[in-house]
Amino acid sequence: MQIYLSRPDITEDEIEAVCEVLHSPNLSLGPKLPEFEQAFAEYIGSRRAVAVSSGTSGLHLCLLAMGIGPGDEVVTTPFTFIASATSIMMAGASPVFVDIDPVSLNIDAAGVESAIGDKTRAILPVEVFGNPAGFDEICHVARKHDVPVIEDSCEALGSALNGKKAGTFGTVGVFAFYPNKQITTGEGGMILTDDDFLADMCVSLRNQGRGKAGGWLGHERLGYNFRLSDINCALGIVQLSRIEQIKAKRRQVAEWYQEMLAEDQRLIVPREAKGCDVSWFVFVVRLSEGFTLEHRNIVLEAMTERGIQVSNYFPPVHLQPFMAEKFGYKQGDFPVTESVSKSTIALPFYNNLGRDQVAIVCKTLKEVLDRIL
Ligand SMILES: *Cc1c(COP(=O)(O)O)cnc(C)c1O
């Protein structure tokens with residue numbers, strides 16, 4: 001028996017919607033694209049939404065649309081999925097890392113303030129694991145220094161802080177629809193903004209630099225093919241229409257974990273901070289102080305051997321070998337990130353995970369911990 005780390009949740013409605021596109025002549029740049037964008041903009045509460053081929057290409061285009069390139073610096077977190085940092089490098093700019101807050105696991109606002117310098121062209125914070133805690137302070141710092149924010153909300157669809165939705169804190173916000181995210185289009189992403197110039201620029205850049213006039217073979221700038229097909233958009237429309245149900249299902253799974261693991265002093269169990277409405281992306285527990293990286297790795301291995309898929313979200317970005325080599329980073333550069341990274345265990349987490357399965361995961365985890373103590 002296997003309990004998976006993640007599974008998509010596709011109903012007959014999604015399958016029908018995709019088949020409908022396949023029976024139509026418009027497989028790309030058809031009516032499902034603006035329909036998905038409009039529904040998304042409405043859900044988030046932004047003026048504009050631009051669908052793209054992935055979260056990564058969305059971040060990349062936001063940086064390009066802002067004119068960020070070689071010689072520029074963008075402040076971001078080393079505790080994230082690699083694409084937050086590599087998108088900055090794809091644009092030709094340099095990531096400047098700032099360590100995280102040990103509780104929220106998001107980039108530390110005070111650290112952001114001290115990292116802002118002459119070359120800083122943007123701040124790229126991430127709602128790690130869907131948690132929006134601290135985004136008011138981060139954006140306050142950005143406004144104070146007049147630096148735009150590219151909000152990497154790829155893990156936070158449906159999260160909110162004091163009623164303000166993830167994706168609306170930044171000058172631009174980016175979402176992703178890989179199958180392990182809250183909603184999926186197979187592959188896909190979405191850029192959200194109230195800024196027409198940036199939105200129009202992203203529309204052009206995702207479509208080979210085509211302009212509003214000039215037609216199919218008129219290219220106004222160096223662009224990319226980062227389009228999202230109508231097949232993906234049709235899937236996204238149905239998934240997005242179910243977002244409240246999806247959020248509720250994931251919240252239920254998170255609550256089961258919280259309830260079953262609460263008493264265990266060996267673990268740090270994630271909780272919603274004050275003012276936060278977390279749309280749960282993953283459920284990541286941590287080993288308490290006193291446990292080592294070796295302990296954590298033994299737990300990951302033992303769980304896997306017992307048929308329970310787990311993962312180490314996230315290894316520090318700055319210590320990925322190619323990053324360390326390029327920028328000269330070493331152990332100790334970002335101690336909070338490094339110590340958190342050594343202790344994380346991402347447990348199986350998806351919409352249709354049952355209470356019985358959660359109970360098996362928790363029982364197995366406790367047995368494994370008993371053994372290594
Ligand atoms: C998933 C994710 C991305 C990138 O999304 P893709 O669609 O896989 O390119 C970017 N940033 C973070 C924090 C993510 O979790």
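Residues numbered from 1 in each chain as written. Predicted model: local features only at pLDDT ≥ 70, side-chain atom pairs only at ≥ 80, totals over all residues. Heavy atoms only, no water.

Undergrad: Looking at this model, I keep getting lost on the overall build of the protein. Mind explaining?
TA: Within the protein, the secondary structure is distributed over 13 helices and 13 strands. Computed over C-alpha atoms, the radius of gyration of the protein comes to 21 Å, within 12% of the 21 Å expected from 2.2 N^0.38 for 373 residues, which places it in the range of a compact globule. Dimensions of the protein along its principal axes, counting C-alpha atoms only, are 70 × 55 × 35 Å. Here the protein, with 373 residues, has 57% of them falling under the buried criterion. Of the contacts made within the protein by residues no fewer than 6 positions apart, 70% connect residues no fewer than 24 positions apart. Approximately 15800 Å² of the protein is accessible, and the part contributed by carbon and sulfur atoms is 53%. Distance between charge centres in the protein, computed from 34 positive and 47 negative side chains, equals 1 Å. (Helix = DSSP H or I, 4+ residues; strand = E, 2+ residues; numbered from the N terminus. Rg over C-alpha atoms; globule rule 2.2 N^0.38 Å. Buried < 20%, exposed > 50% of the residue type's maximum accessible area, 1.4 Å probe, protein only. Contact = heavy atoms within 4.5 Å. Areas by Shrake-Rupley, 256 points an atom, 1.4 Å probe, with all protein chains shown as cover. Lys, Arg positive; Asp, Glu negative; His and termini not counted. Charge placed at Lys NZ, Arg CZ, Asp CG, Glu CD.)

Undergrad: Even after reading the chapter, I still don't get the sheet that holds strand β13 (residues 344-347), so can you show me in this structure?
TA: Two pairing modes exist for strands in a sheet, parallel and antiparallel, and in both the strands are linked by backbone hydrogen bonds. The three strands lie next to each other as β10-β12-β13, forming an open sheet whose pairing is antiparallel. Lying at the two open borders of the sheet, with one neighbouring strand each, are β10 (267-268) and β13. For strand β12 (residues 283-287) and β13, the ladder comprises four bridges, and the chain directions are antiparallel. What sits directly across from Arg-286, in β13, is Thr-344. (Pairing = 2+ DSSP bridges.)

Undergrad: What's the story with the nonpolar core in this structure? I'm lost.
TA: In a soluble, globular protein the nonpolar side chains are often hidden away together inside. Counting 51 residues, the largest nonpolar core has Tyr-257, Leu-347 and Leu-365 as the members making the most contacts within it. For this core, the secondary-structure elements that each account for two or more residues are α5 (109-115), α6 (135-144), α9 (243-261), β12, α10 (293-305), β13 and α13 (355-372). With seven residues, the single largest contributor to this core is α13. If sequence neighbours within four positions are ignored, Leu-347 has contacts with Leu-5, Tyr-257, Leu-261, Phe-283, Val-285, Met-303, Gln-309, Val-310, Val-361 and Leu-365. Counting residues in hydrophobic clusters, the runner-up holds 41 residues, among them Leu-59, Cys-62, Cys-154 and Ala-346. (Core = buried A, V, L, I, M, F, W, Y, C linked by side-chain atoms within 4.5 Å.)

Undergrad: Got a minute to help me understand the site of the ligand in this structure?
TA: Taken together, 14 residues lie near the ligand, and Gly-55, Thr-56, Asp-152, Glu-155 and Lys-181 sit nearest. Gly-55 places a polar main-chain atom, nitrogen or oxygen, 2.8 Å from an oxygen atom of the ligand. One of the side-chain N or O atoms of Lys-181 is found 2.7 Å from an oxygen atom in the ligand. For the ligand, the protein covers 92% of the area, taking 380 Å² as the surface of the free molecule. When residues of the shell around the ligand are traced back to their parent elements, those giving at least two are α3 (55-65) and α4 (83-90). (Near = heavy atom within 4 Å. Polar contact = N/O pair within 3.5 Å; in protein donor to acceptor, adjacent residues only side chain to side chain.)

Undergrad: Got a minute to help me understand the packing of α3 against helix α7 (residues 196-206) in this structure?
TA: Viewed as axis vectors pointing N to C, α3 and α7 meet at an angle of 120 degrees, and their least axial separation amounts to 9 Å. Comparing their axes, α7 and α3 come out oblique. Between α3 and α7 lies a crossing whose hand is right-handed. Facing Leu-61, Cys-62, Leu-64 and Ala-65 of α3, the residues of α7 in contact are Phe-197, Leu-198, Met-201, Cys-202, Leu-205 and Arg-206. For the contact of α3 with α7, a count of residues per class yields nine nonpolar, no polar and one charged. (Axes fitted to C-alpha atoms, helices over the stretch in contact; angles between N-to-C directions. Parallel < 35°, antiparallel > 145°, perpendicular 65-115°, else oblique. Left-handed = near helix turned anticlockwise from the far one by under 90°. Nonpolar A, V, L, I, M, F, W, Y, C, P; charged D, E, K, R; others polar.)

Undergrad: Would you mind showing me how to read the pairing of β12 here?
TA: Two faces belong to every sheet, and in a regular strand the side chains alternate between them. Within β12, five of the five residues are buried, leaving the element largely enclosed by the surrounding structure. Where burial is concerned, the two faces of β12 agree: the one with Phe-283, Val-285 and Leu-287 and the one with Val-284 and Arg-286 are both buried. Where β10 meets β12, two bridges bridge the pair, whose relative direction is antiparallel. Following the sheet pairing, Leu-267 is matched in β12 by Leu-287.

Undergrad: Teacher, can you tell me more about the packing of α3 against α4 here?
TA: Two measures define how a pair of helices packs: the angle their axes make with one another and the distance between the axes. As a packed pair, α3 and α4 sit with axes 9 Å apart at the nearest point and diverge in direction by 45 degrees. Considering their axes alone, α3 and α4 lie oblique with respect to each other. Here the hand of the crossing between α3 and α4 comes out right-handed. Residue-level contacts link Thr-56, Leu-59, His-60 and Leu-63 of α3 to Ala-83, Ser-84, Ser-87, Ile-88 and Met-90 of α4. Looking at the contact of α3 with α4, its residues break down into five nonpolar, four polar and no charged.

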